[in-house]
Structure formats: C-alpha cells, structure tokens
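Here's the letter readout for the chains.
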Amino acid sequence: MTRTEKYQCCMVMAGGGFRFGYYLGMYAAAVETNNQPDLLLASCGGAIAAAVIQALPDDAQRKAWISSPAMYQFLCGLQSTPKAAIGRAFTHAVKRRLTAKRAAVIPDLFSDYFFDIPAQLPLPPLQPQSENPLAVAIVGGKILFSKDEVGERRAGRKLFAETVFCNPRTAALLEGMPSPMSNPIWGDNAIAPQLLTEVDMPIADAVRISISDMFYFRCHSHQARHYTGGVVDLFPIELANQLAQRVVMEMKAPFNQALAIPAWRAVLGVDGNQRLRHVHSQHADVWIDASDVESVFHKHGMQQKLSWPKNRLRLRMPARYASYLEHVETQWQYGYQRGLEAFSKPGPNYKKHMRYATKYNQG
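Residues numbered from 1 in each chain as written. Predicted model: local features only at pLDDT ≥ 70, side-chain atom pairs only at ≥ 80, totals over all residues. Heavy atoms only, no water.

Moving on: the layout of surface pockets. Here the second largest pocket defines a volume of roughly 330 Å³. When residues of the lining of the second largest pocket are traced back to their parent elements, those giving at least two are helix H5 (86-98) and helix H9 (260-267). At 3 residues, the largest contribution of residues to the lining of the second largest pocket is made by H5. Class assignment for the residues of the lining of the second largest pocket results in 8 nonpolar, 2 polar and 5 charged. (1 Å grid on protein atoms, 1.4 Å probe; cavity = no way out; pocket = protein on both sides within 12 Å on 5 of 7 lines; lining within 4 Å. Points joined across faces, edges and corners; volume = space filled by probe spheres on them. Helix = DSSP H or I, 4+ residues; strand = E, 2+ residues; numbered from the N terminus. Nonpolar A, V, L, I, M, F, W, Y, C, P; charged D, E, K, R; others polar.)

Moving on: H9. Of all 8 residues making up H9, 6 are buried, and the element is well covered by its neighbours. When H9 is considered as a whole, its buried residues turn out to be Ile261, Pro262, Ala263, Trp264, Arg265 and Val267. Buried positions along H9 lie against H5, strand E6 (160-165) and helix H10 (272-280). Immediately beyond the C-terminal end of H9, within one or two residues, lies glycine 269, with a positive phi of roughly 75°. (Buried < 20%, exposed > 50% of the residue type's maximum accessible area, 1.4 Å probe, protein only. Contact = heavy atoms within 4.5 Å.)

This part covers the packing of aromatic side chains. In total, this model carries 17 aromatic pairs according to the counting rule given. Judged by centre distance (5.9 Å) and plane angle (80°), the ring pair of phenylalanine 145 and phenylalanine 160 falls under edge-to-face. Taken as a pair, phenylalanine 145 in the loop between strand E5 (135-143) and E6 and phenylalanine 160 in strand E6 lie far apart in primary sequence, 15 residues in all. Phenylalanine 160 shares its class with phenylalanine 145; the two are buried. Linked through ring pairs, Phe18, Phe114, Phe115, Tyr216 and Phe217 together constitute an aromatic cluster. Looking at lysine 63, its charged tip hangs above the ring of tryptophan 332, at a distance of 4.0 Å from the centre. (Phe/Tyr/Trp six-rings, centres within 6.5 Å; stacked < 30°, edge-to-face > 60°. Lys NZ or Arg CZ within 6 Å of the ring centre and 35° of its normal.)

Relative to the helices and strands, arginine 157 resides in the loop between E5 and E6. Exposure remark for arginine 157: the relative accessible area of 29% places this residue in the partly exposed category. Taking C-alpha positions, arginine 157 is 47 Å from glutamate 32, a pair spaced 125 residues apart along the chain. With sequence-adjacent residues up to four places away left out, arginine 157 is seen in contact with Ile106, Leu144, Phe145, Glu149 and Ala190.

The next point concerns the pairing of strand E2 (residues 39-43). Burial within E2 is extensive, with 5 of its 5 residues counted as buried. Residues Leu39, Leu41 and Ser43 line one face of E2 and the alternating positions Leu40 and Ala42 line the opposite face, and both faces are buried. Since strand E1 (residues 7-14) and E2 lie parallel, the crossover through helix H1 (residues 21-32) that links them has a hand, and here it is right-handed. Where E2 and E5 come together, 4 bridges link them in parallel fashion. Considered in E5, the bridge of alanine 42 is made with isoleucine 138. (Right-handed = clockwise from strand over helix to strand, strands pointing away. Pairing = 2+ DSSP bridges.)

A contiguous nonpolar surface patch, about 340 Å² in accessible area, is contributed by Phe90, Val94 and Leu98. By the element assignment, leucine 98 lies in helix H5. (Patch = residues over 30% accessible without salt bridge, like charges linked within 9 Å, V, L, I, M, F, W, Y side chains within 5 Å. Areas by Shrake-Rupley, 256 points an atom, 1.4 Å probe, with all protein chains shown as cover. Salt bridge = Lys/Arg side-chain N within 4 Å of Asp/Glu carboxyl O.)

Right, let's get into unusual backbone geometry. If you check the backbone angles, alanine 103 has positive phi at about 45° while not being a glycine. Tracing the chain through its elements places alanine 103 in the loop between H5 and strand E4 (115-116). For alanine 103, a relative accessible area of 1% translates into the label buried.

Structural data, given as structure tokens:
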C-alpha cells in the first residue's frame, strides 16, 4: 500500500472569532519569509481566513475581500435573538459556573443561541485546485444526538465527533487517528474517540459549521446531519503534527474563567484552559505570539455589548464603514508583524515567551 506523503508545512489558524483579518497578515509574513505553508488547518473564525486565502491569489485581493462592503454588511447582520436577553443570559451563565459536573445534560444547540448569522457567507468562489495547490482543512464537530433528546441526562454518552472537512489526501493522513479531545486526561468529556473526516462538504458549509460556537450561534445542518463548531478542537496541534513535517502554531490567551470555561464544561465536558496549557506544552516548529490579541484589539472589530434599552446582548460593529477599514488594516498589520517576529526566531528550539502568560495558559 502506498504511504500518503505528509505536507511540508501546516499553519494552524486557531479561532480568532470575527477578528480573522490578522490571519491574512500571518500568512503574508510566512510567504515573505519563505515559510509558505501548503496546508491551512483552521477552526472557528480562522476558517473564514483560510477560505479567503485559498480562493484568492495575492494579499491585495484577500485584504480587499475582507474589507469589502459585502463583508462589512455580513458582520453587521449578526442580530441578537430573544435568547440574548440580558437577565436570561446572566442567569444561565451563573448556573453554568455553579455546576461542577461535566456536560451533565444534552445541550440545546438547535434553539438556545444568542445571535443569528445571515444565510449567505460572503466567501470568494474557489479556484480550480490546479491553479492553487494550497490545501485547507477545517475543524468542526458532528452532533451525535437529536433535537428530541435535548435536556436528557448524558450519563457518560458521547455527544460530538470531532470532524475534519478536507481533501482525500488529508483524510488519508488522519485515518485511524483518535480525536485528541476524547483523551481521558480531560475527564468525563462528551467527545467520541473516533476522529471523522468528510471530503465532500462544500467549503461554505464547512466554514459555517466551524464558526457555530456554542450558545452564540445555531448549529449548522447539512443533508439531514447536524454539526457544531470548531470549538470541538479549537487548537488542533496534534492533527497538525500528524499532517505535516513542520507546524506553525499560535500562542493564545487564556479563556475567561467566569464565562467561557463553564460553557466548555457544560457542553464538551472539557476545561478549555487545561487544554490550552497542554497545547502550549507540545511541539511546534514556529510559535506566533497572539496571546495579547484581546488587549490589542479591544477597540478594533466586533465587540459584545449590553443594550439595556433593548434588553439584549449585542455584537456591535464600527458604525462607519471607514472605521471598519481601519480595523481590518490594524488586524492585518498585527498578524503580519507577529508573523515576521516568529519566523525570525531560530527554529524549534526557540523558547516560547508569551506577552500575556498566566497560570491558565502557560504550558
């Protein structure tokens, strides 16, 4: 049997939310320093960036696409649902924080979410593969329960199967690999041991799946199957090392202990910061420091706000399109400069030093 050849270099685009512009800058830095990856492994907002990079041939066109009025209108179109009522959201967050059990009940990912996503993602059409050899793999999670089972006790049942949407070569390299998120070190988690791959998922659906963050956006349905987001494996460093000879990975900030960590525990049965520390302790050939991204971008891009008159949590975009353009440029430059910094380091023995390191994210 012929052995499938690994990719030369995998760049992981892990998360980012809707501040995905900085991934385009990171990729530009990789190309400029002769570290161009031949595989992008993306989750959550990074999936949008990966799809744009694969579809368009140069930095100018990619930046123009995410700076377009269509992308701005799409982001402005993320509207609050009745589930985003301030009192309700606060009460449920407190309940999750006070509940120590891991994924005790089957969560409602079908109707319990804060924001509606416009039906059409503004992604550029994919060019024929022969014109762009860059491969993209996107992480999501197949839901292993039905809507009728929501609210039932989980009782140790596995609720999600980590799924990679990819080409046949990538699928062959991942064949037989268990999901890193199913490891017993995470305790009584809700993720099945078997890692799945799907080679026929349209790229727009794969991206839509990956950004379907629990409690924020509805799960995505495709051909009677239901999927949740890339949060199922937000930092897939083990997959990257399985797929490629060299790995480019981010150093990330810790999750909020009061809000994000209880949500991870309630749905996935995993401590997100324990997982993050484990990721930071593993091997990558290049580490790009994005650990301070929240403090740098706190005024650049989409922000979650409380609208007291409307009793809603809201995602607020810059009120003016010109301000949005400035924010995109700031994000791009951040990723570009951090990429240049990382690629100038002396290889895999570079000692990781995060700008924002705490006991929650330091490996």
